[in-house]
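This is what each chain is made of:
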Amino acid sequence: MALPAHLQETFSSEEVRFLVENEPIKIFPRITTKTMARTTSNNTKSHTNNDSSTRHTLITMNKFPLNEMIAMKSMEVSLWLALLLKQQNKCNIIIPEWLTVNSLDRYVKYETKYSDRFSSLPWNWLVLSKILFEKAYDDFNDPVNELRQRIQDLRELRQVKVLKGLSYLNESHLQLDNLSLTEINELRPFIVGTMNKLREVHSASLDHTETNEGENLNIDEDASFGSANYDGSRMVT
Amino acid sequence: MYGDLANKLVIEAKRTQQLNGKPNKATKLPMYNDEIVRNIITEVNQLKQNAEFLKENEVMSQSENKVVKCQYFVNSLCLERNKRCLLAYQRLRCDALDSMIWENNGMDSSNQDSNDLSHEEQEYLREYADLITDLKVGALSDIDISGSLTPPSDVFIDVRVLKDAGEIQTEYGVFNLIKDSQFFVRQSDVERLIQQGYLQKI
Amino acid sequence: MDVNIDDILAELDQDTTAVDYKVDASSSQNAINSTNDQTVLNSSLTNTKIQPTISLEKDYKLLLRHWQNERFSPELLPYPHLLMERLLRRVSTQIESIELISMNLIDNDNVDTSKNGNNLNMLPLLVMEAELERVKFVIRSFIRCRLSKIDKFSLYLRTIRDNEGGNDRSINGLLSESEVVYHQKHFNILLKIFNNSILQHLPSELQAINDTEGSVNMIDAPDWDKFVFVLVTGPPNSNFSEDPLLIKSQDKFYYNVTVEELNEDIELTVGSIYVLRYSVIKTLLTDGKVQLI
Amino acid sequence: MGYYDIDDVLTDACEIPCKFKHDIPGLGYLENNPGKPIRNNSKLLLPLWLARILAIVGEDPVQEDGTMLDDAESIPFVELMTPDAFSAKVINAIKADPVSLDVHSISPHFFALAIKWIALFNDKELAAIVTELMLQRAQEINNHASSVTIDVKRQIDITGDNSTVYSTNAGNLGNNNNSTFLLTLDEFEKRVYKQAHESYKDAKRWMYHK
């Protein structure tokens, strides 16, 4: 198969991370590139080989962020780019507001208070926190281990609720507001697998004649065999 | 009973499916069961003769209509069933052959013992490999469609040189790998050197 | 170097003109619908006065959305012809650019690898390469997913084609050119092995592989009622007042959908996440008002 | 589902007790009596692919004298009898304790077979029972699937270096003590279990692995 079986029903965790990496995040550049860029682009186009800045273009962004950087002036870039710059010591990542001890404490409170709903954590909270703990731990003001503990608490609190919610599986629909992508993705095979089968059972119990087997049964075109009522032919022992 | 052999074949297919069900494991096929397939085809021919016999009879004896009809039905259903089992078996194996081609980056040399494949399957494998090769050079040539399905992460990495390795040439110029120096390089350029113990990922 | 990078870029801009105009200026009701793509292209060619907005960013986001939708929908979705054309051209141009720039770097002996290779001159190139790998990955994964569906619904897709009176128009809307070729060729070799190892040994009346009259239908169709995870996004242009299907009540917007089999109405609130039967949201998906996640 | 679906092909092979309603010469091979006739009212097991069709087709409604038979009078070739899988005994066991029921031993394709059986008679009562059974067991399946033990503690107090030890239990069906339940799963349940388990494992591996 052109797509391996384990990718046919769901995303891998790496793919979820990939999606999250496309989201914007704020950084403080540690270098200034903006003026250089302006001189070259405002002057009549220079075609000297040394001037490579005009040649740098990206295909998923309208601007080339690397030419827009001013040291310590915050700007927004895709997470993957922020991580690459960070790795090169060219920026600090501005940790999002929600990822502080104070704010997480409020989320924990909410999750504890309401047993039947999820707090509105960002849809990428699990992935983003994990990435930043790993790659930008020196950009946090709060102690990372305390943050990590709270993320773990949130994770467990929500898992308990998810488990409870799963007893409401049915053949119609579910509403799962504020569930993050990681949580959705890990639950997907179970929820989809079970609900599909519940649907099949329910559907089979309905009397939609057009889908009854045997209705389009015509083993031999030139014989027109009559069909009898199913119910009449059943014998209950 | 008619259809029993076909069942055996499908149970075998089920086993193959289970063997290949685990992620990140190379697809493999057991020996093509030529014997059962041929025996089912023999059974099919038997059923076909029965059908012809019944058809002649139907015309001749109107009085035994329902008997002939019942016999005819049973016969047709057995034929149909055998066909379905044969096709399901072959289709499962073809899907597995497809997987092998993709896993091996479009080549038909895999760890599959080609003696375990029927002649038709060997031919199919070659033809599918050719098809993928053609696909790679067309409009999608820049994409490398048989490449990795794991998202790129850490395209570039920091490495430390563990033992002198001389100069290497990359797209980014020449790197002189002297012990204890550090470089920022494209991971794919140095994969081999890491494996061989010259470099260490930091 | 005879090729001037600016020429390439200029050409690229020109190429994207017609189509990018569409992304922004079309009613974008059908931002995801490829047949609509086609019409808008034609009209924009005759009307070149309209100022195009080139949005590389939007195109990439659209690609990600197509990728996710394709991965989770039970059916094969229409190929986004123009979007893919633009993206593939950009990839190819970018590969050339990267080659030129890196050659240039080496020529000028600009690369100072002695100090950690952390050269500022190199960084932009690294970024370009990393981005390129990402785009290539999504396109690759997207196409591979489509190919596996084309295989799965090989016969079903053929019947769609044959039902269109033998012309290939509808299937050409659904598939890209390379996909059409792949579909046809793979079908042929599959049919060949079926014939050689099985069908030719069966009585002629049993040799069909598209028999729908037997006790089991031979043509596997998509499971239209399969459950999918849906995020309700609202109209693609976020123009909530212009979407006739969108209902406003108190402080929320929602779509009303019906699960026919259960005779049950469901309110789909913008911003909410649901697990639903695919058939229920199929139209909303085509119109870009919901997204599969 | 589908023509090429191996599990569906196997489900169709499930045997259903049937009673023949006509004397049919030459069909003795169905009950291992080749060459002999099948007698009216003789009981035998037939695979579903054969039984379900013989149960709906039968004697031609047009009689030899040219008159039509009513639907009710046109007797199908066989009558289907309730298979053991849905016998009163099993139904009672389902109602008593769905989670400890050994579904696999009743039929490896229990749920798929149930769906086909329910569809034959639009049997709402059986559908309700099967739904309840599936739901109750689903919770248990999910509990097992999500129990991926990872040594989290070790990792939490170290910020930079996270050497994670993780192991999965129940990775293979039936290799440890709390897997008795897993041995009772039918093919559908097994598939859901495996896919769910892989999914939880993948998420956890990613979360706790550098």
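Residues numbered from 1 in each chain as written. Chains lettered and ligands numbered in written order. Predicted model: local features only at pLDDT ≥ 70, side-chain atom pairs only at ≥ 80, totals over all residues. Heavy atoms only, no water.

## Quick look at the domain arrangement of chain C
All names here are of chain C.
- On domain assignment, one finds that chain C holds domain 1 (55-108 + 121-221) and domain 2 (223-292).
- Taken together, the contacts link ten residues of domain 1 with 13 residues of domain 2.
- When domain 1 packs against domain 2, the two sides together hide about 1,000 Å² of surface, and 51% of this comes from carbon and sulfur.
- The largest share of the area that domain 1 buries against domain 2 comes from R65, P74 and E75, three residues that together contribute 51% of it.
- At the junction of domain 1 and domain 2, the tally comes to one salt bridge.
- Between K282 and E75 there is a salt bridge, with the nearest N and O atoms lying 2.8 Å from each other. (Domains from an automatic or database assignment. Contact = heavy atoms within 4.5 Å. Buried area = accessible area lost by both parts, 1.4 Å probe. Salt bridge = Lys/Arg side-chain N within 4 Å of Asp/Glu carboxyl O.)

## A look at the interface of chain A and chain C
- The interface is formed by 60 residues belonging to chain A together with 60 residues belonging to chain C.
- Of all residues in chain A, the largest losses of buried area upon contact with chain C belong to F18, R55 and I59 of chain A, amounting jointly to 13% of the total for that side.
- Run the count over chain A and chain C and you get four salt bridges.
- Two residues, E9 of chain A and K226 of chain C, come together in a salt bridge whose shortest N-O distance is 3.0 Å.
- Where chain A touches chain C, the interface holds 27 residue pairs in polar contact (both at pLDDT 80 or more).
- Those elements that provide at least two residues to the side of chain A that touches chain C are helix 1 (13-21), helix 3 (79-87), strand 4 (174-175) and helix 7 (181-205) of chain A.
- Ranked by residue count, the leading element in the side of chain A that touches chain C is helix 7 of chain A, at ten residues.
- Its residues placed into classes, the side of chain A that touches chain C shows 26 nonpolar, 23 polar and eleven charged.
- Pairing of strand 4 of chain A with strand 5 (residues 273-277) of chain C, which is carried by two bridges, proceeds in the antiparallel orientation. Residue pairing across strands places L174 of chain A opposite V275 of chain C, the latter belonging to strand 5 of chain C. (Polar contact = N/O pair within 3.5 Å; in protein donor to acceptor, adjacent residues only side chain to side chain. Helix = DSSP H or I, 4+ residues; strand = E, 2+ residues; numbered from the N terminus. Nonpolar A, V, L, I, M, F, W, Y, C, P; charged D, E, K, R; others polar. Pairing = 2+ DSSP bridges.)

## Some words on the interface of chain D and chain B
- Counting from both sides, the interface comprises 34 residues of chain D and, opposite them, 32 residues of chain B.
- Summing both sides of the interface, chain D and chain B together bury roughly 2,900 Å²; the carbon and sulfur share of this comes to 69%.
- Our count for the contact surface shared by chain D and chain B stands at four salt bridges.
- Note that E187 of chain D and K14 of chain B form a salt bridge whose closest N and O atoms lie 2.9 Å from each other.
- Viewed at the interface, chain B and chain D are joined by eight residue pairs in polar contact (both at pLDDT 80 or more).
- Secondary-structure elements contributing two or more residues to the side of chain D that touches chain B are helix 1 (6-11), helix 2 (48-54) and helix 8 (187-208) of chain D.
- Among the elements that line the side of chain D that touches chain B, the one with the most residues is helix 1 of chain D, at five residues.
- Per-class residue counts for the side of chain D that touches chain B are 19 nonpolar, five polar and ten charged.

## Details of the packing of aromatic side chains
- Summed over the entire model, instances satisfying the criterion amount to 20 aromatic pairs over all chains.
- Arranged with centres 5.5 Å apart and planes meeting at 45°, the rings of F133 of chain A and F140 of chain A form a pair that is tilted.
- Each ring, one from Y3 of chain D and one from Y4 of chain D, has its centre 5.1 Å from the other, and the planes form 75°; the classification is edge-to-face. Across this residue pair, the class does not change: Y3 of chain D and Y4 of chain D are buried.
- One aromatic cluster is present, built from ring pairs that chain together F86, F110, F111, W117, F121 and F188 of chain D.
- Seen from the ring of Y114 of chain A, R117 of chain A lies directly overhead, with NZ or CZ sitting 4.4 Å from the centre.
- One residue, R84 of chain B, lies across the ring of Y3 of chain D, its end atom 5.5 Å from the ring centre. (Phe/Tyr/Trp six-rings, centres within 6.5 Å; stacked < 30°, edge-to-face > 60°. Buried < 20%, exposed > 50% of the residue type's maximum accessible area, 1.4 Å probe, protein only. Lys NZ or Arg CZ within 6 Å of the ring centre and 35° of its normal.)

## Quick look at the UniProt feature "domain: DNA replication complex GINS protein SLD5 C-terminal" (unreviewed entry) in chain C
- What UniProt calls "domain: DNA replication complex GINS protein SLD5 C-terminal" (unreviewed entry) maps, in this numbering, to residues 222-293 of chain C.
- With 12% helix and 43% strand, the stretch residues 222-293 of chain C has end C-alpha atoms that lie 19 Å from each other. (UniProt positions renumbered as here; feature names shortened; annotations may be inferred.)

## Side note on unusual backbone geometry
- Non-glycine residue D144 of chain B carries a positive phi angle of around 55°.
- Considering the arrangement of structural elements, one finds D144 of chain B in the loop between helix 4 (119-137) and strand 1 (156-161).
- For N122 of chain D, which is not glycine, the phi dihedral falls at a positive 45°.

## Observations concerning the confidence of the model for chain A
Residue and element names in this part refer to chain A.
- Residues with a pLDDT of 70 or more make up 79% of chain A, whose mean pLDDT is 83.
- Scored below 50 in pLDDT, residues 41-52 makes nine contacts in the model with residues more than four places away or belonging to other chains.
- When the criterion is pLDDT under 50, residues 210-237 qualifies, and its contacts beyond four places in sequence or with other chains add up to 61 contacts. (pLDDT = per-residue confidence, 0-100.)

## Here we look at the UniProt feature "domain: DNA replication complex GINS protein PSF2 N-terminal" (unreviewed entry) in chain A
- Those residues carrying the UniProt feature "domain: DNA replication complex GINS protein PSF2 N-terminal" (unreviewed entry) are residues 66-94 of chain A in this numbering.
- Between the C-alpha atoms that bound residues 66-94 of chain A the distance is 17 Å, and the span itself is 31% helix and 24% strand.

## A few points about the pairing of strand 1 (residues 15-20) of chain D
All names here are of chain D.
- With five of six residues buried, strand 1 lies mostly within the body of the structure.
- In this structure, strand 1 lies alongside strand 3 (residues 78-81), joined through three bridges in antiparallel fashion. Pairing of K19 across the sheet is with E79, part of strand 3.

## A look at the sheet that holds strand 1 (residues 24-29) of chain A
Residue and element names in this part refer to chain A.
- The sheet built from three strands is open, its strands ordered 2-1-3 with antiparallel pairing. Of all strands in the sheet, those bounded by a partner on one side alone are strand 2 (75-78) and strand 3 (91-93). The average angle at which neighbouring strand axes cross in this sheet is 50°, direction not considered.
- Bridging between strand 1 and strand 3 involves three bridges; their strand directions are antiparallel. Residue pairing for strand 3: I27 is matched across the bridge by I93. (Axes fitted to C-alpha atoms, helices over the stretch in contact; angles between N-to-C directions.)

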